[in-house]
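Report on the structure
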Amino acid sequence: MNPRVIIAAAVGIAVLAGAGWWMFGRETASPVLGGYIEGDPLYLAAPSAGAVSELYVREGARIAAGGRTFLIDPAVVSAQADSAQAGVRAAEARAQDLRLGQRAQELAVIDAELRAAEALERQAQAEYDRIDPLVRRGIYAPARLDQVRAARDSAQAQTAAVRDRRRVAELGARQDAQRAADEQTIQAQAGAREAGARLNQLAPVAPAAGRVEQIFYNQGEWAPAGQPVMAILPDNRMRVVFFAPEREMAGYRPGRTIRFSCDGCEPGEAEIVYVSPRPEFTPPVLYSRQNRDRLVYRIEAHPTDPARLNPGLPVDVEPLGDE
């Protein structure tokens, strides 16, 4: 065989082998793990239906923890809260009135009745004192003494009754009535707190710092009760999701830090918070020639700077070795 042909064939085989390594072996030796950014939005809604009176943020804007988001028209719920507060004041006034007893004017009337009863008692006693010696001397019959004695005893009883009524008037209502009034006051206060809570729920605040992902109802539109008005993507619900092969799982445990990078962003770090206990086949979003049949484990990590990341962003994660 011609030596030139042999040399040409050898060169062709070498070129094909190099191309095959470039296409397949180079991908297999890739030093990074594929992953992406994932985030769970929070949907903010109001428990009462109404028109959206105010929108304090716009889509894509950052919002701080405790920041205002939106306001549902508070007219109806505000009136209910005012009514509940008025009920509290009325219950407290009634309970206080039951403890104070009767008014000074009412006590004055009873005092006048007491003075009149005491005057009648003195008059009856004087009549008895006048008739008693006359009966003893025989001037009047004993029946006459019995009459004045009965009149004196009746006047004394009347005076005692008015005096007791005066003491009761100073004591106020019965203890049972006072306890009932106190319970009604507690009930009214609970109703007022409930109305105040409903009023506050018409203007929810951001539970954590994050980004406004979407606004479903604009200012002036009617929002049904319980229907989300906007979605917020909190920073603390952003995570890096990546997949590690079985043979490398020994190095991945919660608490360890991984480094990742993405196109158009600075490299970042994230702390592993979850490692799946079960393997799965490589998700289609990360499918490639070298891992199409590979079993991998899902791993999630919280990034240290989530504000600059967007859900769905592909990332490359540097593999971790065994500690």
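Residues numbered from 1 in each chain as written. Predicted model: local features only at pLDDT ≥ 70, side-chain atom pairs only at ≥ 80, totals over all residues. Heavy atoms only, no water.

1. Quick word on the confidence of the model for the protein
Confidence in the prediction of the protein, expressed as mean pLDDT, is 81, and 84% of residues score 70 or more. Averaged pLDDT values for the elements of the protein fall to 46 in helix α1 (residues 3-28) and rise to 95 in strand β8 (residues 230-234). This model gives residues 21-29 a pLDDT under 50, and the stretch forms seven contacts once residues within four places in sequence are excluded. (pLDDT = per-residue confidence, 0-100. Helix = DSSP H or I, 4+ residues; strand = E, 2+ residues; numbered from the N terminus. Contact = heavy atoms within 4.5 Å.)

2. Details of the pattern of salt bridges
The tally for this structure, following the rule as stated, stands at 19 salt bridges. A salt bridge links R62 to D235, with the nearest nitrogen and oxygen atoms 2.7 Å apart. Separated by 173 residues along the polypeptide, R62 in strand β4 (residues 62-63) and D235 in the loop between β8 and β9 (238-245) bring together distant segments of the chain. The partner of R130 in a salt bridge is E127, and the shortest N-O contact between them spans 2.7 Å. Of this pair, R130 and E127 both sit in helix α3 (residues 104-136), three residues apart, roughly one helical turn. (Salt bridge = Lys/Arg side-chain N within 4 Å of Asp/Glu carboxyl O.)

3. Some words on the pairing of strand β1 (residues 33-39)
In terms of burial, β1 is largely enclosed, as six of its seven residues are buried. Of the pairings in the sheet, the one linking β1 to strand β14 (residues 314-317) comprises four bridges and is antiparallel in character. In the sheet register, Y36 faces β14, and the bridge partner there is P314. (Buried < 20%, exposed > 50% of the residue type's maximum accessible area, 1.4 Å probe, protein only. Pairing = 2+ DSSP bridges.)

4. Re the nonpolar core
One finds V240, F242, Y252, I258, F260 and V317 to be the most contacted residues of the largest nonpolar core, which totals 21 residues. Of all the secondary-structure elements, those providing two or more residues to this core are β1, β9, β10 (257-262), β11 (265-275), β13 (295-303) and β14. The leading source of residues in this core is β9, at four residues. Setting aside residues no more than four positions away along its own chain, I258 makes contact with F242, Y252, G268, E269, A270, I272, A301, V317 and L320. (Core = buried A, V, L, I, M, F, W, Y, C linked by side-chain atoms within 4.5 Å.)

5. A short note on the sheet that holds strand β6 (residues 210-215)
The sheet built from four strands is open, its strands ordered β2-β8-β6-β4 with antiparallel pairing. At either end of the open sheet lies a strand with only one pairing partner, and these are β2 (42-44) and β4. Looking at chain direction, β4 and β6 are connected through two bridges and run antiparallel. Bridging from a neighbouring strand, I63 pairs with G210 of β6.

6. As for the sheet that holds strand β7 (residues 222-223)
Read from one edge of the open sheet, three strands run β5-β3-β7, paired in antiparallel fashion. The open sheet has two edge strands with one neighbour each: β5 (70-72) and β7. Where strand β3 (residues 50-55) meets β5, three bridges bridge the pair, whose relative direction is antiparallel. Note on β5: the bridge partner recorded for V52 is I72.

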